[in-house]
Every structure is written in C-alpha cells, then in structure tokens.
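The chain contents come next:
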Amino acid sequence: MIRPTNRQLHEAPEALLAWFRRRQREMPWRGTRDPYAIWISEIMLQQTRVTAVTPYYLRFLERFPTVGALARARLGTVLKCWEGLGYYSRARNLHQAAKQIVRDFGGQLPRTAEELQTLPGVGRYTAGAVASMAFGLDEPVLDGNVTRVLCRVFRVAEPPKQQAVQKQLWRLARKLIPPGEAGDFNQAMMELGATICLPRNPRCDSCPICPLCRAHRYNEQTRLPRKADKKPLPHQTIVAGVIRKGPRILIDRRRPEGLLGGLWEFPGGKVRPGETLRQALRREVREETGIEVRVGRQIAVVQHAYSHFRITLHAFACEYQSGTAKPVQCDDVKWVTVEQLSQFAFPKANHGILKQLETSTKNTE
DNA sequence: AATGCGGGGAT
DNA sequence: ATCCCAGCATT
C-alpha cells in the first residue's frame, strides 16, 4: 500500500521540475516538439541508454526525416539504419507503424495516448511519453527509472513487478503530474533516476527531493525497489554417512571437475525416488567406495542452499562391515581420526556434521 | 505471470 | 560475472 504524505504530493513535483529545468542533460531530441522525432527517440530509448541511442537517432532522422519518408522506405533500409542497436522488432514495428500512420491517420501521429497505443511497438510507456512530451497532455509514464524513484520516495515495500503494485505506481505517477507540465515532469523523474537515484549507489546528497524521500529517512534506499521473489529452487535430498571403523572415519574426495570439485566429504549422495534414506546411503557408499556398512542412528539434518538448487542433507552414523575402501566413484578415499578432520576442506553443507562430530566425541571422552 | 528479445556500460 | 537500461509482444 502506497501512502503519500501531503507534503510529498505538493512539494516533490515542483522541486523536481525546478531541478530538471536547471540541470537537465543535453539530448538531441530535447527542444524539439516534432512528434515524429520524439516518437523515434522513445522507441530507440526502450531498454537502451541515452548514450547508445544518440548517434542512431541522429542518423535515423537524417535518413528518414518524416513519417512519410519512413513509410516509403524498404524494411531492409530501416533495419540497416538500426543495425547494432538491438531489439530489431522495434525497427520492424516502427516501419509498420509509419505505414499505419500514413494510411489511418493522414500521416500525422495520433494525438491521444489511447490511439498511440494502437501503433505496433507503442505500449503504455511510449504512448504516455509521446502524449506528454509532444502533445502536452497530462499523461504519466512509468519506466525503470520512474519505478525506482517512486519505490524509494514512497518506500514501497512490495516488489514493483507485481501487477497490483504496478497499478498503484501508474496511479501515483499520474497523481504527481503538475497540471500542464507532464512532459517536463516525466522527464524530470527519468532524469533523476538516470543521474541521481541510481540502482546501486544513489547519490542522495545531490538529490533535490532527499528531504521528502521515505527510503532515505529509513536508510533503505539501496534495498528498494525490492526485486521479485525468485522462483523456488529445485530441491534434492542427500544422505551422508559418518562411517566408523575403530577410531577412524571414512572420507572421500570429490572428483576435481564439477560442483565442489576436489573437496572432501562424507560418503553418500542423492536419494532416488522410492528409496528410504538408509537404503540410499548403503547404495551410495557401496557405489562410491566399494564397502558395505550398517546404517545406525541419524546424527544431523542440514538445510543448505546453493545458487541454483537447495538440498536437505541427512547424516547417519554408520559402522563398517566389509570390503576395502577404494575410490570407485570419487577421486580418493581416506580413513582419518576425528582430530585429523579439520585438515581437510569440506563443503559448507558438511560443517554442521563436523561440529556435531567434535562435540559428541568430546562428550564420550 | 513468464519469456524472448540485444547490446553495452557500470559495478 | 551480474545488473540494468526512457519496454513491448507473445504465450
């Protein structure tokens, strides 16, 4: 829920406008009110930085100075002019839209946000941008910059990707527009996001609305906007055995390639569907080291998250029964004492087991 | 709601 | 390496 204060509502837009009019950067499409030129610039600026766009914009307008010129051009010519800018559907849509403007709108861009959105490649953002900057309409924009600024100034705790939050941000962006000034105000918000209210290191000491910023007050400016929750990671159940043979414990070294390569671990592995934990452990120990064990009591359960999956590790005390340990499906095996364990590198997920081991050993001494 | 779509600059 | 950029269309 977004709850702007009256002070924010009244003071922030004016402060931003004043700041923007003093401090805005030079851009070749600023200062023109040619709707065609503004449209081209906005399409090019979709997901693309000002510095990347500038040379393309200049070349494009020279080559296709009007809607009619663009509509008459061959697609191949348009694409050639776009070459290197990326997102080439933008160029195809631009060409299509130009033809549509000639055919349906007499060669003039439609003058409402709603009609603008009927053009291919023109969504809610671009429609608002052209409507406000080219036609002076009080239409809002919401892009990555505006989203970041709003989430910080109004301390929006929910991820702005969520549809419900999007809806509120659009409403707020509209509400903030000083009547008749949407063009400059929208640009001011984006300019602030691009130069001051930066994603990682916002320059709050240079921000014209810092005193009105809720995130800054609570020192949360680098934690907002919140990123969408990532998808739940795939999960695996793992078993491992602390296998005793007299005073020694069996460990094995993982093969040098792959996950956790070269680290030592307690023998074990993934539990297969339908297997009990103990069945899986006996099987894995046999496959990995070639020995038979009796699985005893469970000594630890460890939850661990890797970057792209997570595991639940069940550790069991085991007793050596028969066979000779050898590196069958691992790089090396070794019988060691509890005291020696600390000399070997273990994955983080095994540290809990190691700790348990030290503790229980001391207790039995 | 999730993806695909490009290429480059900042960290 | 990862994030992010004056987003849109498609599924």
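Scoring rules and cut-offs
- Counting starts from 1 at the beginning of each chain's written sequence and moves along it residue by residue.
- Just so you know, chain letters begin at A and ligand numbers begin at 1, following the order they were written in.
- Note on the predicted model: pLDDT of at least 70 is required for a residue's local features to be given, and 80 or more for side-chain atom pairs to be given and counted; whole-chain, interface and lining totals, by contrast, use all residues.
- Side-chain calculation: all heavy atoms of the structure are included, whereas hydrogens and water are not.
- A helix here means a DSSP run of H or I that spans at least four residues, while a strand means a run of E at least two residues long, and both kinds are numbered starting from the N terminus.
- Under the scheme applied here, a residue whose accessible area is under 20% of the maximum for its type counts as buried, over 50% as exposed, and between as partly exposed, the area being computed with a 1.4 Å probe on protein chains only.
- Any two residues whose heavy atoms approach within 4.5 Å at even a single point are treated as in contact.
- Between 30 and 60 degrees the pair is tilted, below 30 it is stacked and above 60 it is edge-to-face, where a pair is any two Phe, Tyr or Trp rings, Trp via its six-membered ring, whose centres lie within 6.5 Å.
- For a ring to carry a charge above it, either NZ of a lysine or CZ of an arginine must fall within 6 Å of the ring centroid while also lying within 35 degrees of the normal to the ring plane.
- To obtain the arc, one takes the directions from the helix axis to the C-beta atoms.
- Being near a molecule or strand, for a residue, means having at least one of its heavy atoms within 4 Å of it.
- Under this definition, polar contacts are N or O atom pairs within 3.5 Å; protein pairs additionally need one hydrogen-donor-capable and one acceptor-capable atom, and for neighbouring residues in sequence, both atoms have to be side-chain atoms.
- By the convention adopted, Pro, Cys, Tyr, Trp, Phe, Met, Ile, Leu, Val and Ala count as nonpolar, Lys, Arg, Asp and Glu as charged, and the other residues, Gly among them, as polar.
- Of the grid points, spaced at 1 Å and generated over the protein atoms alone, those admitting a 1.4 Å probe that cannot get out make up cavities, while open sets with protein on both sides within 12 Å along at least five of seven lines make up pockets; any residue with an atom within 4 Å of a point is treated as lining.
- Grid points are joined across faces, edges and corners, and a volume is the space filled by probe spheres set on the points.
- Residue types Ala, Val, Leu, Ile, Met, Phe, Trp, Tyr and Cys, when buried and joined through side-chain atoms within 4.5 Å, form a set referred to as a nonpolar core.
- To get an axis, fit a line to the C-alpha atoms, keeping to the stretch in contact for a helix; angles then go from 0 to 180 degrees between the N-to-C directions.
- Here the angle decides the label: under 35 degrees means roughly parallel, over 145 means roughly antiparallel, 65 to 115 means roughly perpendicular, and every other value means oblique.
- By convention here, the domain bounds are inherited from an automatic or database domain assignment.
- Two strands pair if DSSP finds at least two bridges between them.

## Description of the environment of Ala-37
Inference 1: Relative to the assigned elements, Ala-37 resides in helix 2 (residues 35–44).
Inference 2: Judged by relative accessible area, Ala-37 falls into the buried class, the value being 3%.
Inference 3: With 319 residues separating them in the primary sequence, Ala-37 and Gln-356 have C-alpha atoms 69 Å apart.
Inference 4: With residues near it in sequence (within four places) discarded, Ala-37 still touches Thr-32, Tyr-57 and Leu-61.

## Topic: the packing of aromatic side chains
Inference 1: Counted by the stated rule, this structure contains 7 aromatic pairs.
Inference 2: Consider the rings of Tyr-36 and Trp-39, whose centres lie 6.0 Å apart with planes at 65°: the pair is edge-to-face. On the criterion of helical spacing, the pair formed by Tyr-36 and Trp-39 is a turn pair, its members being 3 residues apart in helix 2.
Inference 3: Positioned above the aromatic ring of Trp-170, the side-chain terminus of Arg-124 is 4.0 Å from the ring centre.
Inference 4: The ring of Trp-335 is capped by Lys-245, whose NZ or CZ atom sits 5.1 Å from the centre of that ring.

## Regarding helix 5 (residues 75–82)
Inference 1: Within the sequence span of helix 5, burial applies to Val-78, Cys-81 and Trp-82. Along helix 5, the residues classed as buried sweep out an arc of 100° about the axis, all on the same side.
Inference 2: The inward-facing, buried residues of helix 5 abut helix 2, helix 3 (50–63), helix 4 (67–72) and helix 6 (89–105).
Inference 3: After helix 5 finishes, the residue Gly-84 shows a positive phi value of roughly 100°.

## Section: the protein's contact with DNA strand C
Inference 1: Around DNA strand C lies a shell of 25 residues, among which Gly-121, Asp-143, Asn-145, Arg-148 and Arg-200 are the nearest.
Inference 2: When the atoms of DNA strand C within 4 Å of the protein are sorted by group, sugar and phosphate make up 60%.
Inference 3: The contact in question runs from a base oxygen of DNA strand C to an N or O atom on the side chain of Arg-49, over 3.0 Å.
Inference 4: Within the side chain of Arg-200, a nitrogen or oxygen atom sits 2.6 Å from a sugar or linking oxygen of DNA strand C.
Inference 5: Contributing elements (two or more residues each) for the surface near DNA strand C: helix 8 (124–135) and helix 9 (144–153).
Inference 6: Of the residues that constitute the surface near DNA strand C, the class distribution is 10 nonpolar, 7 polar and 8 charged.

## Things to note about empty space enclosed by the protein
Inference 1: Summed over the entire model, instances satisfying the criterion amount to 2 cavities of 30 Å³ or more.
Inference 2: The space that makes up the largest cavity amounts to roughly 110 Å³.
Inference 3: Taken together, 14 residues form the lining of the largest cavity, with Arg-152, Cys-197, Cys-204, Cys-207 and Cys-213 sitting closest to its centre.
Inference 4: Looking at the second largest cavity, its volume works out to about 50 Å³.
Inference 5: In terms of lining, the second largest cavity is formed by Ala-12, Leu-16, Val-149, Leu-150, Val-153, Phe-154, Leu-176, Met-189 and Ile-209.
Inference 6: Of all the secondary-structure elements, those providing two or more residues to the lining of the second largest cavity are helix 1 (6–23) and helix 9.
Inference 7: The dominant element in the lining of the second largest cavity, judged by the number of residues it contributes, is helix 9, at 3 residues.
Inference 8: A breakdown of the residues in the lining of the second largest cavity according to their chemical character gives 9 nonpolar, no polar and no charged.

## Quick word on the nonpolar core
Inference 1: Counting residues in hydrophobic clusters, the biggest one holds 81 residues, and the most contacted among them are Trp-39, Ile-40, Phe-60, Leu-70 and Leu-150.
Inference 2: Take this core: its biggest share by element is 8 residues, from helix 8.
Inference 3: If we ignore the near neighbours within four places in the chain, the residues touching Phe-60 are Tyr-36, Ile-40, Met-44, Leu-70, Val-78, Cys-81, Trp-82 and Leu-94.
Inference 4: Core analysis: the second largest hydrophobic core is formed by 22 residues, Ile-249, Val-336, Leu-341 and Ala-349 among them.

## Structural notes on the packing of helix 9 against helix 11 (residues 182–195)
Inference 1: The geometry of helix 9 relative to helix 11 is characterised by a closest axis approach of 8 Å and an angle of 85° between their N-to-C directions. When the axis of helix 9 is compared with that of helix 11, the two are roughly perpendicular. Contacts between helix 9 and helix 11 involve Asn-145, Val-146, Arg-148, Val-149 and Leu-150 on the former and, on the latter, Met-189, Met-190, Leu-192, Gly-193 and Ala-194.
Inference 2: Of the residues contributing to the contact of helix 9 with helix 11, the split by class is 7 nonpolar, 2 polar and 1 charged.

## Things to note about the domain arrangement of chain A
Inference 1: Under the domain assignment used here, chain A contains domain 1 (6–217) and domain 2 (235–364).
Inference 2: On a C-alpha basis, the centres of domain 1 and domain 2 stand 57 Å from each other.

## Observations concerning the pairing of strand 1 (residues 235–245)
Inference 1: Pairing of strand 1 with strand 6 (residues 310–322) involves 10 bridges; the strand directions are parallel. Residue pairing for strand 6: Gln-236 is matched across the bridge by Ile-311.
Inference 2: Sheet topology note: the strand 1/strand 4 (residues 268–270) ladder contains 3 bridges and is antiparallel. Paired with Ile-238 across the strands is Lys-270, a residue of strand 4.
Inference 3: The pairing of strand 1 with strand 2 (residues 248–253) spans 2 bridges and is classified as antiparallel. Opposite Lys-245, over in strand 2, you have Arg-248 as the bridge partner.
Inference 4: Between strand 1 and strand 2, which pair antiparallel in sequence order, lie 2 residues; one of them, Gly-246, sits at a positive phi of approximately 65°.

## Some thoughts on the environment of Arg-297
Inference 1: In this fold, Arg-297 is placed in strand 5 (residues 292–305).
Inference 2: Owing to a relative accessible area of 58%, Arg-297 belongs among the exposed residues under this scheme.
Inference 3: The sequence separation of Arg-297 and Ser-342 amounts to 45 residues, and the corresponding C-alpha distance is 23 Å.

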